[in-house]
Amino acid sequence: MARRIDVTGADGVRLAAWEFGDPAKAGPDPGEATAPDAPGVLLLHGLMGRASHWASTARRLSARHRAVALDQRGHGRSEKPPEGAFTRDAYVDDAEAALEQLGLGPAVLIGHAMGALTAWQLAAKRPDLVRGLVISDMRASALGGASQREWAEWFTSWPVPFATLADVRKWFGEDDPWVERPNPARGEFYAEVMAESPDGWRPVFDPGQMLRSRETWVHDAHWEELAQVRCPALVVRGLDGELGRAEAQEMVRVLPRGRYAEVADAGHLIHYDQPEAWLAAIEPFLDCLDGE
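Computed from a predicted structure; not experimentally measured.

Peer 1: Just checking my understanding: could you explain the side chain of D137 for this structure?
Peer 2: Mapped onto the fold, D137 is located in the loop between β6 (130-136) and α4 (145-157). The buried charged residue D137 lacks any salt bridge partner; its closest oppositely charged side chain belongs to R237, at an N-O distance of 5.6 Å. A polar atom in the side chain of D137 sits 2.9 Å from the backbone nitrogen of E242. At 2.6 Å, the side chain of D137 forms a polar contact with the side chain of H268. Those residues in contact with D137 that lie beyond four places of it in its chain are A113, V236, R237, G238, G241, E242, L243, H268 and I270.

Printed below as a string of C-alpha cells:
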C-alpha cells in the first residue's frame, strides 16, 4: 500500500508524495503503537522517474523509518505546468517544502541520478533538514552540451505511441540503440512511466520538460556543493553504471564525511537491476545513522 500526501512546492506547484508500507513500530513488538519519532527518509527519483520506482526500497525501509517518495515536478502524478520552472532551484525548493510540510526532517535523503543531485544540493543548503545522504549513480562533473544533444536525439527516436506495454518493455529493454545487451529491468523501469492514451502508450512526462530540467545541470560541475555537505554521505555506483569508479571515489574524498559502495552486475538503475544488493549496500549506512 502507498498513501498519497499532497505537497505544495515552489511557486505553488502541486506535488504528490507517497508514503509506502506500514509506519515504523516502537520496540520489538510489532503490535505496539507507531513511534512518533520514527526517522524520516525522503526518496527522490531521477529524470523521467516516479515515486513508485522506489516502492520496494521504501517498503523495506518502512519497517524502521517513515519512508516517503516524492513525484517531482513534471513527473508521475505531480503537476506539469507548461510554463513552470524546471530549474535546479525549483527542484531543490520542492524537496525542501516536502520535508517541512511532511515533518520528515532531519531526514535521510536517498536520491538516484538527478534526484541525487537535488539531494546533495538541499543538504548543502539546509543542513538542519538533512542528517544523512545516499547518492546513487550521479556524477559531479559537467556532462556538456554534446550530452544534451544526444538526449534530444534519443527522445525523437522513441517509437511512440507504443501499441502495448510489452512493446515498451521490449524496446527499452532490447531494441533501444542505447542498450548494449538485453536488460529486462530497464524495460520494466520505462513501462512504469507510460500511460495508456487513445492511440497507444505514451510517457506520463513531457520530453521537452525533461530536456529543460536537464539543461539546468549538464553544463556545470557540482563539486563545490558536494564539498558543502556536512552530514554522512554514501556514494553508490553500479559497476556498469554512468558514474565511473575514479569519479565516485573522488566524490567520496570531496565529501567531508563520505563513504563508498558499489553494486556488481548493476547499471545506472541500481535499485532496479539488483534490488537486494542495493539494499545490502545502503542498509548498514542507515543503521549507523540510526545509532548516532
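There's more to say after this.
Peer 1: Mind showing me how you'd approach unusual backbone geometry here?
Peer 2: Most of the time, phi is negative for any residue but glycine, and the peptide bond is trans. Along the chain, G105 connects to P106 via a cis peptide bond; the corresponding omega equals -5°. Among the secondary structure elements, P106 is positioned in the loop between α2 (88-102) and β5 (107-112). Following V160, the chain continues to P161 via a peptide bond in cis, the omega torsion being 0°. Note on placement: P161 falls in the loop between α4 and α5 (165-175). Although it is not a glycine, M48 adopts a positive phi angle of roughly 75°. Within the element layout of this structure, M48 appears in the loop between β3 (40-44) and α1 (55-61). For M48, a relative accessible area of 2% puts it in the buried group. Of note in the backbone geometry, D137 takes a positive phi value of approximately 50° without being a glycine.

Peer 1: Looking at this structure, how should I read the sheet that holds strand β4 (residues 66-71)?
Peer 2: Hydrogen bonds between backbone atoms are what pair the strands of a sheet, whose relative direction is either parallel or antiparallel. Spatially, 8 strands are ordered β1-β2-β4-β3-β5-β6-β9-β10 in an open sheet, and the strand pairing comes out mixed. Every other strand in the sheet has two partners, leaving β1 (2-8) and β10 (258-263) as the edge strands with one partner each. Mean inter-strand twist for the sheet, computed between neighbouring axes without regard to direction, equals 20°. Note that β5 and β6 share 6 bridges and pair parallel. If you follow V108 over to β6, its bridge partner there is G132. Seen against the sheet, helix α3 (residues 114-125) touches β3, β5 and β6 and runs at an angle of roughly 155° to β6. Seen against the sheet, helix α11 (residues 275-291) touches β5, β6, β9 (233-238) and β10 and runs at an angle of roughly 165° to β6.

Peer 1: Could you clarify how one ought to interpret α11 in this entry?
Peer 2: In an α-helix there are 3.6 residues to a turn, and that puts residues three or four apart on one side. With 17 residues, α11 extends 24 Å between its outermost C-alpha atoms, agreeing within 8% with the 24 Å of an ideal straight helix rising 1.5 Å per residue. Within α11, the axis deviates most sharply at I282, by approximately 25°, and proline P284 lies no more than four positions further along. Within α11, burial applies to W278, L279, A281, I282, F285, L286 and L289. Structurally, α11 contributes buried residues whose contacts are with α1, β5, β6, β9, β10 and α10 (270-273).

Cut-offs applied
Residues numbered from 1 in each chain as written. Predicted model: local features only at pLDDT ≥ 70, side-chain atom pairs only at ≥ 80, totals over all residues. Heavy atoms only, no water. Helix = DSSP H or I, 4+ residues; strand = E, 2+ residues; numbered from the N terminus. Buried < 20%, exposed > 50% of the residue type's maximum accessible area, 1.4 Å probe, protein only. Lys, Arg positive; Asp, Glu negative; His and termini not counted. Salt bridge = Lys/Arg side-chain N within 4 Å of Asp/Glu carboxyl O. Polar contact = N/O pair within 3.5 Å; in protein donor to acceptor, adjacent residues only side chain to side chain. Contact = heavy atoms within 4.5 Å. Pairing = 2+ DSSP bridges. Axes fitted to C-alpha atoms, helices over the stretch in contact; angles between N-to-C directions. Expected span 1.5 Å × (residues − 1). Bend = angle between axes of the 7 residues up to and from the residue.

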